[in-house]
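# A structural walkthrough
Here's the letter readout for the chains.
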Amino acid sequence: MKKKIFISSVVVIMILSMSLMIFAGCKPKYDKLNENFAIPTAEIGADGNTLSADMVEGGIKAINKDMSAFAMLQVGMENFYNAQYATIEYNGGVFMTLANVLQVEQVVQSTKIRNGVGDAAGNNANGATYFADNKSHSTFAKIYEKFIIEPDKWTRKAGTDGISYKKPSNKNGRLGSWSVKEWAAPTSYDNLAALVTANSNNPTILWMYDLREEFVEDSVGPKYDAEEKSYKFGFKFKPTESTEEYRKVMLTQLETNAGMPIDGLEFKQLMLEVVLWENGMIRAINVSEIYHMKMYLGKTPIDSDVKLTATQLFSYNPDEEGYKIQDHIDAF
């Protein structure tokens with residue numbers, strides 16, 4: 001039986017599409033695996049290593065030093081989906097300098113909060129409640145959308161005017177601050193499948209990679225960090241094979257939602273740096289994607305290379321400051 005892991009997705013392609021034109025001709029730098037990568041600070045989820053066993057259905061599945069990196073990833077994903085409460089904070093974006101003059105920063109952020117046991121298949125079979133949002137900001141694109149998914153209710157709404165972002169500071173906080181002047185009326189769907197189809201996005205799962213063991217191109221670790229009480233390891237996955245479904249989602253977002261004809265969309269790199277607490281709960285994942293495409297501005301084809309980097313932080317604490325699900329539902 002083939003071992004694989006589907007983690008699904010913050011779909012960022014619609015978010016990035018308006019800024020791709022300025023990246024034409026800029027070649028992104030490819031990353032190298034390094035088992036000594038810095039462990040992200042536990043800005044949230046700092047108590048993940050002391051999570052009580054009853055907060056995970058069936059108890060927390062343990063890891064050990066003799067496991068391979070891929071085996072550890074499988075255990076971490078199982079513990080994540082079986083957690084009774086889970087938060088993912090996604091923070092990243094595209095950073096590019098054109099002709100050593102024009103610097104472009106595309107901020108991409110997302111929140112996902114789940115109350116109840118998850119479902120790796122993306123069907124919400126366990127009847128959990130979810131809040132999720134996707135936010136992006138640059139000179140070229142401004143997007144803010146929210147989702148609420150309940151066992152019998154599926155809703156999305158989007159900002160339509162006055163989406164603004166202020167960079168991190170003492171006043172604006174660690175992630176910066178967002179505001180929206182006007183929201184569209186919420187859209188309701190008949191079921192989760194209808195919401196997923198309409199938005200090319202399933203907020204109940206992580207992101208849409210197909211992470212099979214046979215798709216691992218290279219890996220490092222696991223390496224134990226005694227000071228951080230964590231294991232860390234990294235992968236480069238075969239970029240074409242592991243992104244087949246994700247590529248379809250990207251094409252839908254670019255061609256349908258953004259109205260940008262695309263040829264030859266091809267992933268060139270998919271690299272993950274994963275950190276697990278020593279008890280087996282996921283602490284953080286660093287993501288690096290590079291992809292190439294030929295986009296059309298009018299009838300003119302332009303070869304474009306794009307690099308996205310982001311860090312995901314995980315928490316399993318229902319009282320995590322800023323990530324109490326009911327506060328977000330009430331503010332929807």
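One can find the structure itself at the top, above this paragraph.
Keep in mind it's a predicted model, so treat the numbers as computed, not measured.

Counted by the stated rule, this structure contains 11 salt bridges. When the shortest N-O distance is used, the salt bridge between Arg174 and Glu43 registers 3.9 Å. Separated by 131 residues along the polypeptide, Arg174 in the loop between β7 (164–166) and β8 (177–179) and Glu43 in the loop between α1 (13–17) and α2 (69–82) bring together distant segments of the chain. The exposure class assigned to Arg174 is partly exposed, which follows from its relative accessible area of 39%. Assessed through its relative accessible area of 42%, Glu43 is described here as partly exposed. When the shortest N-O distance is used, the salt bridge between Asp210 and Arg212 registers 3.0 Å.

When glycine is set aside, most residues are seen to have a negative phi, and most peptide bonds are trans. Across the junction of Gly221 and Pro222, the peptide omega takes the value 10°, indicating a cis bond. Among the structural elements, Pro222 can be located in strand β12 (residues 216–225). In the Ramachandran plot, Asn124 falls in the positive-phi region, its phi being about 50° despite a non-glycine side chain. By the element assignment, Asn124 lies in the loop between β3 (102–115) and β4 (129–137). In this structure Asn124 comes out as buried when scored by relative accessible area, which is 9%.

About the thresholds
- Residues numbered from 1 in each chain as written.
- Predicted model: local features only at pLDDT ≥ 70, side-chain atom pairs only at ≥ 80, totals over all residues.
- Heavy atoms only, no water.
- Salt bridge = Lys/Arg side-chain N within 4 Å of Asp/Glu carboxyl O.
- Helix = DSSP H or I, 4+ residues; strand = E, 2+ residues; numbered from the N terminus.
- Buried < 20%, exposed > 50% of the residue type's maximum accessible area, 1.4 Å probe, protein only.

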